[in-house]
Amino acid sequence: TPIGRAMERFPVESNYARMLVEADQYSKEVQAKLAAIIAIQEVGGIVKGGTSFTGWRAYTKQHKSDLLAQYEVYLALPQIAELDYEDLGIIAKNVDKAGEVIERLHHDLGLLETTLNAIEPEEELSLLQCITAGEIDQIWYVIDDHNTVEHIFSGQQRELSSSTVVRNPTLVTGTAFDLQVPLKSGGLDTLHLVTGITVVNTDTLLEFAPHLFES
């Protein structure tokens, strides 16, 4: 397809390439921010999950996307002493890796002269749409008050990660992730989670995939 051929020119995983294709219609600033968001995800994120490491949350006001939240934390890093990274739940080795991938992507995309700064309100909507475009096969809807979610196509059920900044969503994109945790009685328990949560606007689904969704 034309979109598939356009995706081939981007040196990232296919879902991220689809996001970058969608960003072609937006400003260089939006494209640069999206590339940074993708770079952070490609290295495994820069913050720890779970409820034991939540200090990083003080550096983001984001409530619609974990991906955008990590970008805001990345922008705040110059204000944070590296000695405090561990206590705040910031992954130092991934911070360095993310910087390298951001520089590489910006070079490959011709965005080296574009300065990274805070996400403006009008840019947030564009970025959310790009993320949805890239994760259209990973859409989940919340089915109860305990954050149980069900995959909209397969019917598979999982739980939203407790580390998400998104509150009371109905429909989200996210990545399936299995986490093993130790039991007090010994042994391990496996949590079937969805991480990297982003709120989905249903109008966006109708626009991107009218063959899959209807009002």
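A brief report on the enclosed structure follows. This structure is a prediction, so every number in the text was calculated from the model and none was measured. (Residues numbered from 1 in each chain as written. Predicted model: local features only at pLDDT ≥ 70, side-chain atom pairs only at ≥ 80, totals over all residues. Heavy atoms only, no water.)

**Considering helix 3 (residues 28–42)**
No. 1: If you check helix 3, its first and last C-alpha atoms are 21 Å apart, about what 15 residues at 1.5 Å a residue would give, namely 21 Å.
No. 2: Most of helix 3 sits inside the fold, with twelve of its 15 residues counted as buried.
No. 3: Buried residues of helix 3: Val30, Gln31, Ala32, Lys33, Leu34, Ala35, Ala36, Ile37, Ile38, Ala39, Ile40 and Gln41, and no others.
No. 4: In this structure, the buried side of helix 3 is in contact with helix 2 (14–23), helix 4 (66–76), helix 6 (92–108) and helix 7 (121–134).
No. 5: Among the residues trailing helix 3, Gly44 stands out with phi positive, at a value near 95°. (Helix = DSSP H or I, 4+ residues; strand = E, 2+ residues; numbered from the N terminus. Expected span 1.5 Å × (residues − 1). Buried < 20%, exposed > 50% of the residue type's maximum accessible area, 1.4 Å probe, protein only. Contact = heavy atoms within 4.5 Å.)

**What to know about the packing of helix 3 against helix 6**
No. 1: For the pair helix 3 and helix 6, interaxial distance at closest approach is 8 Å and the crossing angle is 140°. Classified by the interaxial angle, the pair formed by helix 3 and helix 6 is oblique. Of the two elements, helix 3 crosses helix 6, and the hand of that crossing is right-handed. Facing Ala32, Ala35, Ala36, Ile38, Ala39, Ile40 and Glu42 of helix 3, the residues of helix 6 in contact are Ala98, Val101, Ile102, Arg104, Leu105 and His106.
No. 2: In the contact of helix 3 with helix 6, the residues fall into ten nonpolar, one polar and two charged. (Axes fitted to C-alpha atoms, helices over the stretch in contact; angles between N-to-C directions. Parallel < 35°, antiparallel > 145°, perpendicular 65-115°, else oblique. Left-handed = near helix turned anticlockwise from the far one by under 90°. Nonpolar A, V, L, I, M, F, W, Y, C, P; charged D, E, K, R; others polar.)

**Here's the deal with the packing of helix 2 against helix 3**
Relative orientation and spacing of two packed helices are given, respectively, by the angle between their axes and the distance between those axes.
No. 1: In contact at an axis separation of 10 Å, helix 2 and helix 3 are set at 175° when each is read in the N-to-C sense. Taken together, the axes of helix 2 and helix 3 are roughly antiparallel relative to one another. Note on element contacts: helix 3 touches helix 2 through Gln31, Leu34, Ile38, Gln41 and Glu42, opposite Tyr16, Met19, Leu20 and Ala23.
No. 2: Among the residues forming the contact of helix 2 with helix 3, the class breakdown is six nonpolar, two polar and one charged.

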